[in-house]
Amino acid sequence: MTITLLRMTLAASLLATSALAEDAAGFRENFLSGAAPWETVTKRAADEGTVNLYYWGGSDPLNIWMDQVVTPDLAKLGVTLNPVRITGTKDAIDLVLAEKGAGKALGAGSVDAIWVNGENFATLKRQDALFGSFADKLPNSAHFEWDETDPRALLNLRDFGLATEAAEVPWSGEQYVCAVNTGRVEHAAAPTTFAELRTYLEAHPGKFSYVKPPHWLGNTFVQAALYAHNPDGSGATPFQETLESLGAAELARLIQPGFEYLKSIEPLLLGAQSGNIRYPEDGAALNGLFLNGEIDFACQFGLYAVATNLANGTFPEGAQSFIFPEGNMIKNKNYLAIPSNAPHPAAALVLADYMSSVAAQASKLQFTGMPAGIDPWTLTTDEAETLSAAAPGYIGVTQAELDANTAPDTNATLVDVIEAVWLDYIERGSADPFDVIVARAVSNLSN
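These numbers come from a predicted model, not from an experiment. (Residues numbered from 1 in each chain as written. Predicted model: local features only at pLDDT ≥ 70, side-chain atom pairs only at ≥ 80, totals over all residues. Heavy atoms only, no water.)

Asks: Residues and numbers for the overall build of the protein, please.
Replies: Assigned secondary structure in the protein consists of 19 helices and ten strands. Taking 2.2 N^0.38 as the reference for a compact globule, 447 residues should give roughly 22 Å; the C-alpha atoms of the protein span a radius of gyration of 23 Å, in line with that estimate. Of all 447 residues assigned to the protein, the portion counted as buried reaches 51%. Contacts in the protein between residues at least 24 apart in sequence constitute 80% of all its contacts with a sequence separation of at least 6. Put simply, the protein shows about 19,000 Å² of open surface, and 53% of that area lies on carbon and sulfur atoms. Charge separation in the protein, taken as the distance between the mean sites of 26 positive and 53 negative side-chain charges, equals 5 Å. (Helix = DSSP H or I, 4+ residues; strand = E, 2+ residues; numbered from the N terminus. Rg over C-alpha atoms; globule rule 2.2 N^0.38 Å. Buried < 20%, exposed > 50% of the residue type's maximum accessible area, 1.4 Å probe, protein only. Contact = heavy atoms within 4.5 Å. Areas by Shrake-Rupley, 256 points an atom, 1.4 Å probe, with all protein chains shown as cover. Lys, Arg positive; Asp, Glu negative; His and termini not counted. Charge placed at Lys NZ, Arg CZ, Asp CG, Glu CD.)

Spelled out as structure tokens, the structure:
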């Protein structure tokens, strides 16, 4: 009797799961059209029961926050968080696309939500693998600026130059910031331009390096150098165009001066004097060099990196942020996207809405030092104060200085080309004409 009852229970559960999967497309249509009230979403999310969040799991503070804060909070909403910690976002993208190619539609895949930005979002969008324009329909969407006429909305509306169309919701914001070890270099003497950096290295060879592309931290340093050496003096502006609109020849013209600068400082970088230039592989390796005094400056994304790294002992005691490069400190947001074949679409929406709450954003900031993705000017005074109180604070710079020196990311369609050019021209030292190197990169990536 017990076995029979168990079989009946399992059969009923399988039927309910199958019904949810079959109804997923209708649910999506109703939600995106505005026909489904939020109460319908939360009830369905509780029926689905689980949300599979795929994200880079290389941050212990972030993992602890997920386990100690997000998991119990979502449980109160009837959803069990399954945090899938991956070593690279591309792994989740590849899984989504493989399952989509195998015919797994909404309700039948494995991935409910992914921490993404830039190229990974562009890949999902290009392959029509996104749930749809959900972000501006969440209850907490009021915490974001969506007005296209307001320049402050840019990072909500465009991701690496690509229109988001509300198919991803901002989760955190960041800016590329450099730190100086004031035990070795006075804060006032830190370089603020690329020309000043080269002058410093001529006097102190070997005391700087940047993360090796194609790591995104290295890509960002390269992009900032390209903006600063734009031969037309228009900074980041032309780099917001797509590769298709620019063309290989125009891209080569725009980036050649910046790459020539990067080539010119190679003999002055860490290890060059012994014939073995050392480009750190990632942010952790960069921090190690900085902590050990092998380099005097460390450049990476991290508005609060100095405060958090001083607190955990991964920065030298004299570390302070400084403005570099003037006018070209790349600022962006990262996002949560829902794939078109999410197995639990309602639970994914509940997760996205929760992550957009002031409470979640403030606790994430307090636990991890990850800046908020919500826009403080949309909040009440009390909410804004809650967010501000959670921030570790700036050391060496002010918010006004950071805001005055921002630049947008490079268009996602240009990033792979720039990576390939760096590998060919800088790492491999190709002697081919520069326009040939760029044309080859474009051709290889289009095949």
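Asks: Give a detailed account of the layout of surface pockets, specifying residues and quantitative values.
Replies: Over the atoms, a rolled probe matching the size of one water molecule traces out where space is still vacant. Volume-wise, the second largest pocket comes out at about 950 Å³. Broken down by secondary-structure element, the contributors of at least two residues to the lining of the second largest pocket are helix 7 (154-157), strand 4 (158-159), strand 6 (168-181), strand 9 (329-337), helix 16 (381-390), helix 17 (399-403) and strand 10 (406-407). Of all the elements, strand 9 adds the most residues to the lining of the second largest pocket, at four residues. In the lining of the second largest pocket, the residues fall into 19 nonpolar, eight polar and nine charged. (1 Å grid on protein atoms, 1.4 Å probe; cavity = no way out; pocket = protein on both sides within 12 Å on 5 of 7 lines; lining within 4 Å. Points joined across faces, edges and corners; volume = space filled by probe spheres on them. Nonpolar A, V, L, I, M, F, W, Y, C, P; charged D, E, K, R; others polar.)

Asks: An account of the side chain of histidine 344 is needed here, citing residue identities and associated values.
Replies: Position of histidine 344 relative to the elements: it lies in the loop between strand 9 and helix 14 (345-355). According to the relative accessible area criterion, histidine 344 is buried, its value standing at 17%. Apart from the residues lying within four places of it in its own chain, the contact partners of histidine 344 are Glu48, Thr50, Val51, Asn52 and Asp112.

Asks: Mind laying out unusual backbone geometry, listing which residues take part and the relevant values?
Replies: The omega torsion across proline 213 and proline 214 is 15°, close enough to zero to call that bond cis. Inspection of the secondary structure assignment puts proline 214 in the loop between helix 8 (194-203) and helix 9 (216-228). With an omega dihedral of -15°, the bond running from phenylalanine 324 to proline 325 counts as a cis peptide bond. Phi is positive for phenylalanine 160, which is not a glycine, with a value near 50°. Considering the arrangement of structural elements, one finds phenylalanine 160 in the loop between strand 4 and strand 5 (162-163). Although it is not a glycine, alanine 166 adopts a positive phi angle of roughly 60°. Following the sequence through the fold, alanine 166 ends up in the loop between strand 5 and strand 6.

Asks: I'd like a rundown of the nonpolar core, residues and numbers included.
Replies: Of all hydrophobic cores here, the largest spans 63 residues; its most connected members are Ile255, Phe259, Leu262 and Val421. Those residues in contact with valine 421 that lie beyond four places of it in its chain are Ile255, Phe259, Ile426, Phe434, Ile437, Val438 and Ala441. By size, the runner-up hydrophobic cluster in this structure holds 57 residues, among which are Leu349, Leu351, Ala352 and Met370. (Core = buried A, V, L, I, M, F, W, Y, C linked by side-chain atoms within 4.5 Å.)

Asks: Before we move on, can you summarise the state of the cysteines with the specific residues and values?
Replies: Under the definition given, this model contains one disulfide. Two residues, cysteine 178 and cysteine 299, share a disulfide whose sulfurs are 2.1 Å apart. Negative torsions about the S-S bond denote left-handed disulfides, and the value of about 110° found for cysteine 178 with cysteine 299 makes this one right-handed. Of this pair, cysteine 178 sits in strand 6 while cysteine 299 sits in strand 7 (residues 297-301), and the two are 121 residues apart along the sequence. Looking at cysteine 299, the relative accessible area reads 3%, which means it is buried. (Disulfide = S-S within 2.5 Å.)

Asks: So, the packing of helix 15 (residues 358-368) against helix 16: which residues are in play, and what are the values?
Replies: Remark: helix 15 packs on helix 16, axes separated minimally by 8 Å, with the N-to-C direction vectors making an angle of 15°. Between helix 15 and helix 16, the crossing angle belongs to the class labelled roughly parallel. Note on packing geometry: the crossing formed by helix 15 with helix 16 is right-handed. Side by side, helix 15 and helix 16 meet where Val358, Gln361, Ala362, Leu365 and Gln366 of the first sit next to Glu383, Thr386, Leu387 and Ala390 of the second. Considering only residue class, the contact of helix 15 with helix 16 consists of five nonpolar, three polar and one charged. (Axes fitted to C-alpha atoms, helices over the stretch in contact; angles between N-to-C directions. Parallel < 35°, antiparallel > 145°, perpendicular 65-115°, else oblique. Left-handed = near helix turned anticlockwise from the far one by under 90°.)

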